[in-house]
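Observations on chain architecture
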Protein chains: 4
Amino acid sequence: MTDRPTTTLCHATPDDVVVHGRSLPRELIGEVSFTAMIYLHLTGREPSKAQVTLLDACLVTLMEHGLTPSAVATRLTYGSAPEAMQGAVAAGLLGVGSVFVGATEGAAALLSRIAAAGDPAAEAEAIVREAREAGARLPGFGHPLHRPQDPRTVALLSVARREGLFGAHAHALAHLERALAAGGRALPANATAAIAAVLLDAGIPHEILRGVSLISRCAGLVGHVREEQLRPAMRALWSAAEAAVPYEPPEEEP
Amino acid sequence: MTDRPTTTLCHATPDDVVVHGRSLPRELIGEVSFTAMIYLHLTGREPSKAQVTLLDACLVTLMEHGLTPSAVATRLTYGSAPEAMQGAVAAGLLGVGSVFVGATEGAAALLSRIAAAGDPAAEAEAIVREAREAGARLPGFGHPLHRPQDPRTVALLSVARREGLFGAHAHALAHLERALAAGGRALPANATAAIAAVLLDAGIPHEILRGVSLISRCAGLVGHVREEQLRPAMRALWSAAEAAVPYEPPEEEP
Amino acid sequence: MTDRPTTTLCHATPDDVVVHGRSLPRELIGEVSFTAMIYLHLTGREPSKAQVTLLDACLVTLMEHGLTPSAVATRLTYGSAPEAMQGAVAAGLLGVGSVFVGATEGAAALLSRIAAAGDPAAEAEAIVREAREAGARLPGFGHPLHRPQDPRTVALLSVARREGLFGAHAHALAHLERALAAGGRALPANATAAIAAVLLDAGIPHEILRGVSLISRCAGLVGHVREEQLRPAMRALWSAAEAAVPYEPPEEEP
Amino acid sequence: MTDRPTTTLCHATPDDVVVHGRSLPRELIGEVSFTAMIYLHLTGREPSKAQVTLLDACLVTLMEHGLTPSAVATRLTYGSAPEAMQGAVAAGLLGVGSVFVGATEGAAALLSRIAAAGDPAAEAEAIVREAREAGARLPGFGHPLHRPQDPRTVALLSVARREGLFGAHAHALAHLERALAAGGRALPANATAAIAAVLLDAGIPHEILRGVSLISRCAGLVGHVREEQLRPAMRALWSAAEAAVPYEPPEEEP
């Protein structure tokens, strides 16, 4: 290790641009998909076809969820500052934080612990027991709307199986579901936990999982900008906000 | 002019921090108000007491407007990522763009043109005539709620008069109001135009007016973060947004 | 047109999530690539295979350019607030503005004008003449490093030809290059103009082109977050900034 | 407590705007300073003159620190997207996170614990002992440049004493300094800890301390935008970043 940091990401010469050691114009443009390029960028490794399919499946799953707080922030901001689309998308991305993607990160930590254990089933049972004793919920299990199963979880795990990448983390997820059911709380894994399992099995490092959400949500938010261009909702969202949180005079301080 | 840019803003030594050529610990902390410091920072000049009062009046005026799109973006983002208050405030600031502060900048351009003219009254009449012929509205005049007058305009101009800083730009504002009334459209100046006049007369450069709005709104948005801590509204805002913009199936492409 | 805006993007039921009228778990996850999903999201139409390939080529081209201002902002922010990866990525995206992606939008306007003209060659000549008379540069032509040709332009246009989508906008680009050369200024199209041509020929609407840059750059910036995790450069970037812009005492006001 | 959240911040009628229960045009504009208004906004209470002076002193202290990562992000972003000043300021604010303002929050937690203890001196000693045993540093003590004392701490505490607001938290700070010295590590409180003490004694709630930094830094960043308008440094900062973090080819994967 030297004092001086370096970058291995990109280098340009008059007749070439090298990204991750590959010639952008000769080896990448027209040769690899955006998703394969993302995989290379986040891991430094070229993905297998199956790894690309799994990453695609996760990016497709996360992209669009309707008028989430994040999408509403983008639309309000675009309507307020249409000169700067980048600001509208950034405003929405700022909501991709602990409340919404924290579950994926929390689930990833549990799945990694189980996958690394000598006896995964016992480790899953221990995790469920610890959570019950602490009165805590397991991140990534249960869903207010999607019952009894989250259809996205079913689809993601089915793709993993089809692609031959149903690995230690997907098995860990199944161990957790079984341990929850055995403990009397049959809470199926929701999409956030399934995405954690699938991305870890595809070789995406744990520390950058939030980044996958950011890329996918960025595309989702650009779609909301497009809809705002075609069918502006900003004024309606503003009025609804004012009506939802009415004014009340402050109490007089004693 | 040299090739190499320099900064004159700040310099630290072991026993001092110098900001704009003044010792922060010996000449500024406890000696000048935040507003005086902002004036120094944006202009490089120490303000008079009257200039500070006018800048204070504008910052106080702009700070808080209730559940604006900007405030809603801050509250949705804080509720989604409470680990990063800076992200919530940044999301709100991203809505301080052309739609809301553009009027201040547009009015400032008109007021500067009138103030620089040999015959300000005639210049104001020419501006009103041009706008009428173009079918355009003058930025900073009229208000959907505050009629027949914007009470903030009255207050701001009264402070300017009291402080002896009712200058060329405030007079230009009066010329514009008269020219509008003479043309049969008595549209009084709203707060955005009054702020432009008062800040320009106080010596704030035209190019940085949006920055004054950003500083003031930043404080306003931190107040919304505080209210969100005490009385969370994020879930209510989210539900209201979903109800305000219902789903409709896309039309089938032919 | 009704008073009430609606959204056609997404709708969830207990056992399904519908995005753009398709079942996410049954028709999209594992079935379409992220890029195809982006195309659907930005246009409301399912892309052809060739259209996906062109959009992929553009997203791959734009993703990574080394330590651009945008990437530096991301790395400085991640090093300052590692609790909020979303803030670091948002900070970088805020630099995806007029200076860097403006050329793509400017080129797109010219290409659309040429493509819509009865005599595209004459229209290109008129544009070059107008620019010369105005002393203006054409957006998207020439490059400080990539001479005599931008290798990315060559690659992008070659993909368009290969996929049978070398359309009116790519032809317009060639008309402009010829008109520039005929006028004695052989400035080849750089990647920003080539991307405009390829995306327009692929059917992406002009108004949302900046959004394609945002999606691609978002992935690039996540890659910089990952490199910052592995090989932190924040302190080195900070020191370099301080050294590059040294302190100079402010001049005394007279 | 009801289900429906309300807001007490602001309410507008045709002839008035009410902020925190006071008439903006009649009781606030021209009557109170921006800093007094900030105090009211963050606490719901009107401040005393001394409380305003202390908040002013902290806002003045935090505003400007030269080319910090945050300021560099603002300048790079403004140079990349000058159409959106709000984006440049937001990019800088996103760096106001745990690494830079975390020390204020960490110190505030310790000071609150000491202030609430029956025997503050003993509590401070316990904190120092715990930190030593854990091999941890106390947040807000010591400074790489300002030795043996941080001149801003001296100034801030002197203002607190002058204004008669040297309260339990400032005393707690002194207890901590003494306990550190008694333990053989004479690390004086730096500005971040002093600001925590002064703001808490002034009555600003612990949970919103980061917000005070955000308001002050926002003004600082607008000053950097202004300097960037007058003396652009973006290109120099970009070049310096590229030189500071040179390219190195990635290692071949085995």
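Computed from a predicted model, the values in this text were never measured in an experiment.

Structural notes on the overall build of chain A
A tally of helices and strands in chain A yields 12 helices and three strands. With the principal axes as the frame, chain A shows a C-alpha extent of 65 × 60 × 40 Å. Within chain A, the fraction of its 254 residues that count as buried is 59%. A separation of at least 24 residues holds for 70% of the contacts in chain A among residues at least 6 apart in sequence. Counting only carbon and sulfur atoms, one obtains 54% of the accessible surface of chain A, whose full area is about 9,400 Å². The distance from the centre of the 21 positive side-chain charges to the centre of the 27 negative ones in chain A is 6 Å.

Thoughts on the domain arrangement of chain A
All names here are of chain A. Once the domains are mapped, chain A shows domain 1 (11-47) and domain 2 (98-207). Each of domain 1 and domain 2 has a C-alpha centre, and these two points are 33 Å apart. Contact with domain 1, which involves four residues of that partner, is made by four residues of domain 2. Carbon and sulfur atoms make up 63% of the area that domain 1 and domain 2 hide from each other, which totals about 260 Å².

Side note on the interface of chain D and chain A
The interface is formed by 27 residues belonging to chain D together with 27 residues belonging to chain A. For the pair chain D and chain A, the summed buried area comes to about 2,100 Å², and 58% of that belongs to carbon and sulfur atoms. There are zero salt bridges connecting chain D and chain A. Where chain D packs against chain A, one counts 10 residue pairs in polar contact (both at pLDDT 80 or more). Listing elements by their share of the side of chain D that touches chain A, those giving two or more residues are β1 (10-13) and α12 (234-244) of chain D. Here the side of chain D that touches chain A is built from residues that sort into 14 nonpolar, eight polar and five charged.

Some points on the pattern of salt bridges
For the coordinates displayed, the defined rule picks out 52 salt bridges over all chains. Arg162 of chain A is the salt-bridge partner of Glu163 of chain A, the closest N and O atoms lying 3.1 Å from each other. Taking the relative accessible area as the measure of exposure, Arg162 of chain A reaches 46% and is therefore partly exposed. Across the salt bridge formed by Glu207 of chain C and Arg226 of chain A, the nearest N and O atoms sit 3.8 Å from each other. Taken together, the positions of Glu207 of chain C in the loop between α10 (191-201) and α11 (209-230) and Arg226 of chain A in helix α11 (residues 209-230) put the pair across two chains. The buried category is assigned to Arg226 of chain A, whose relative accessible area is 12%.

Some words on the packing of helix α5 (residues 85-93) of chain B against helix α11 (residues 209-230) of chain B
Any two packed helices are characterised by how steeply their axes cross, that is the angle between the axes, and by the distance between the axes. Residues and elements named next belong to chain B. Between α5 and α11, the shortest axis-to-axis distance is 9 Å and the interhelical angle comes to 130°. In terms of axis orientation, α5 runs oblique to α11. Judged by the twist between their axes, the crossing of α5 over α11 is right-handed. Contacts from Met85, Ala88, Val89, Gly92 and Leu93 in α5 reach Leu214, Arg217, Cys218, Leu221, Val222, Val225 and Gln229 in α11. Split by residue class, the contact of α5 with α11 holds nine nonpolar, two polar and one charged.

Quick notes on the environment of Gly223 of chain A
With respect to the helices and strands, the residue Gly223 of chain A is situated in helix α11. Note: C-alpha distance between Gly223 of chain A and Ala172 of chain A (51 residues apart in sequence) is 35 Å. Excluding residues that lie within four positions of it along the chain, Gly223 of chain A makes contacts with Leu9, His41 and Leu42 of chain C.

Here we look at the pairing of strand β2 (residues 16-19) of chain A
All names here are of chain A. Side chains Asp16 and Val18 project from β2 onto one buried face, and the interleaved Val17 and Val19 project onto a second face that is buried too. Where strand β1 (residues 10-13) meets β2, four bridges bridge the pair, whose relative direction is antiparallel. Counterpart to His11 in the pairing with β2 is Val18. The hairpin turn running from β1 into β2, its antiparallel successor, is two residues long. Two strands pair when backbone bridges link them, and β2 and strand β3 (residues 22-23) are joined in this way by two bridges, in the antiparallel orientation. Across the sheet, Val18 pairs through a bridge with Ser23, a residue of β3. Counted between consecutive antiparallel strands, the loop separating β2 from β3 contains two residues, among which His20 sits at a positive phi close to 50°.

Details of the relation of the copies chain D and chain A
When chain D is fitted onto chain A, the two copies agree to an RMSD of 0.0 Å after a turn of 180° and an axial shift of 0.0 Å. The transformation just described matches what one would write down for a two-fold rotation axis. The share of interface residues of chain D whose copies in chain A are also at the interface is 100%, consistent with both copies meeting through the same surface.

Let's talk about the relation of the copies chain C and chain A
Between the two chain copies there is a screw-like relation: a rotation about an axis and a shift along it. It takes a turn of 180° to lay chain C on chain A, together with a shift of 0.0 Å along the axis; the resulting RMSD is 0.0 Å. Residue by residue, 100% of the interface of chain C is reproduced at the interface of chain A, so both copies engage with the same surface.

As for the sheet that holds β1 of chain D
Within a sheet, each strand pairs with its neighbour through backbone hydrogen bonds, oriented either parallel or antiparallel. Spatially, the three strands line up as an open sheet ordered β1-β2-β3 (chain D), and their pairing is antiparallel. Two strands bound the open sheet, and with one partner strand each, they are β1 and β3 (22-23) of chain D.

Considerations on the interface of chain C and chain A
Across the boundary between the two partners, chain C contributes 80 residues, which contact 80 residues of chain A. Note on chain C versus chain A: buried area summed over both sides is about 6,400 Å², and carbon and sulfur give 72% of it. Per-residue buried area on chain C facing chain A is highest for Phe34, Val60 and Gln86 of chain C; these three make up 12% of the total on that side. Summed over the shared surface of chain C and chain A, the result is four salt bridges. Between the two partners, chain C and chain A, sit 24 residue pairs in polar contact (both at pLDDT 80 or more). When contributions to the side of chain C that touches chain A are tallied by element, the ones reaching two or more residues are β1 (10-13), β2 (16-19), α1 (24-28), α2 (34-43), α3 (49-62), α5 (85-93), α8 (151-162) and α11 of chain C. At 15 residues, the largest contribution of residues to the side of chain C that touches chain A is made by α11 of chain C.

Topic: the packing of helix α6 (residues 98-116) of chain C against helix α9 (residues 168-182) of chain C
All names here are of chain C. Running from N to C, α6 and α9 point in directions that differ by 100°, and their axes come no closer than 8 Å. By the angle class used here, α6 and α9 are roughly perpendicular. Contacts from Leu110, Leu111, Ser112, Ile114 and Ala115 in α6 reach Ala168, His169, Ala172, Leu173 and Leu176 in α9. Split by residue class, the contact of α6 with α9 holds eight nonpolar, two polar and no charged.

Some details on the side chain of Thr43 of chain D
The topology assignment puts Thr43 of chain D in helix α2 (residues 34-43). Setting aside anything within four residues of it in sequence, one finds Thr43 of chain D in contact with Gly203, Ile204 and Pro205 of chain D.

Here's the deal with helix α8 (residues 151-162) of chain A
Its 12 residues give α8 of chain A an end-to-end C-alpha distance of 16 Å, which sits within 8% of 16 Å, the value for a rise of 1.5 Å per residue. Taken residue by residue, α8 of chain A has Pro151, Arg152, Thr153, Ala155, Leu156, Leu157, Val159 and Ala160 of chain A as its buried positions. Against α3 (49-62), α9 (168-182) and α10 (191-201) of chain A together with β2 and α1 of chain C lie the buried residues of α8 of chain A. In the segment just after α8 of chain A, Gly164 of chain A is the residue with positive phi, at about 70°.

Regarding the environment of Cys10 of chain B
Along the polypeptide, Cys10 of chain B turns up in strand β1 (residues 10-13). Contacts of Cys10 of chain B, omitting those with residues within four sequence positions, involve Val17, Val18 and Val19 of chain B, Tyr247 of chain C together with Glu64, His65 and Gly66 of chain D.

Observations concerning the sheet that holds β3 of chain A
In spatial order, the strands read β1-β2-β3 (chain A); together these three strands make up an open sheet with antiparallel pairing. Because the sheet does not close on itself, it has two edges, and the strands there are β1 and β3 of chain A.

Comments concerning the confidence of the model for chain A
Confidence in the prediction for chain A averages 95 pLDDT; 98% of positions are at 70 or higher. As scored by the predictor, the complex reaches a pTM of 0.97 and an ipTM of 0.96.

Concerning unusual backbone geometry
Across the junction of Arg147 of chain A and Pro148 of chain A, the peptide omega takes the value -5°, indicating a cis bond. Tracing the backbone shows Pro148 of chain A in the loop between α7 (120-134) and α8. Positive phi is not limited to glycine here, since His20 of chain B has a value of about 50°. As for its placement among the helices and strands, His20 of chain B is situated in the loop between β2 (16-19) and β3 (22-23).

Regarding the environment of Met37 of chain A
Within the secondary structure, Met37 of chain A sits in helix α2 (residues 34-43). Note on Met37 of chain A: relative accessible area 1%, which makes it buried. Sequence-wise, Met37 of chain A and Gly66 of chain A are 29 residues apart; in three dimensions their C-alpha atoms are separated by 27 Å. Not counting chain neighbours up to four residues away, the residues in contact with Met37 of chain A comprise Val19, Leu24, Leu28 and Val32 of chain A together with Val60 and Met63 of chain C.

Cut-offs used in this document
- Residues numbered from 1 in each chain as written.
- Chains lettered and ligands numbered in written order.
- Predicted model: local features only at pLDDT ≥ 70, side-chain atom pairs only at ≥ 80, totals over all residues.
- Heavy atoms only, no water.
- Helix = DSSP H or I, 4+ residues; strand = E, 2+ residues; numbered from the N terminus.
- Buried < 20%, exposed > 50% of the residue type's maximum accessible area, 1.4 Å probe, protein only.
- Contact = heavy atoms within 4.5 Å.
- Areas by Shrake-Rupley, 256 points an atom, 1.4 Å probe, with all protein chains shown as cover.
- Lys, Arg positive; Asp, Glu negative; His and termini not counted.
- Charge placed at Lys NZ, Arg CZ, Asp CG, Glu CD.
- Domains from an automatic or database assignment.
- Buried area = accessible area lost by both parts, 1.4 Å probe.
- Salt bridge = Lys/Arg side-chain N within 4 Å of Asp/Glu carboxyl O.
- Polar contact = N/O pair within 3.5 Å; in protein donor to acceptor, adjacent residues only side chain to side chain.
- Nonpolar A, V, L, I, M, F, W, Y, C, P; charged D, E, K, R; others polar.
- Axes fitted to C-alpha atoms, helices over the stretch in contact; angles between N-to-C directions.
- Parallel < 35°, antiparallel > 145°, perpendicular 65-115°, else oblique.
- Left-handed = near helix turned anticlockwise from the far one by under 90°.
- Pairing = 2+ DSSP bridges.
- Least-squares fit on C-alpha atoms with pLDDT ≥ 70 in both.
- Expected span 1.5 Å × (residues − 1).
- pLDDT = per-residue confidence, 0-100.

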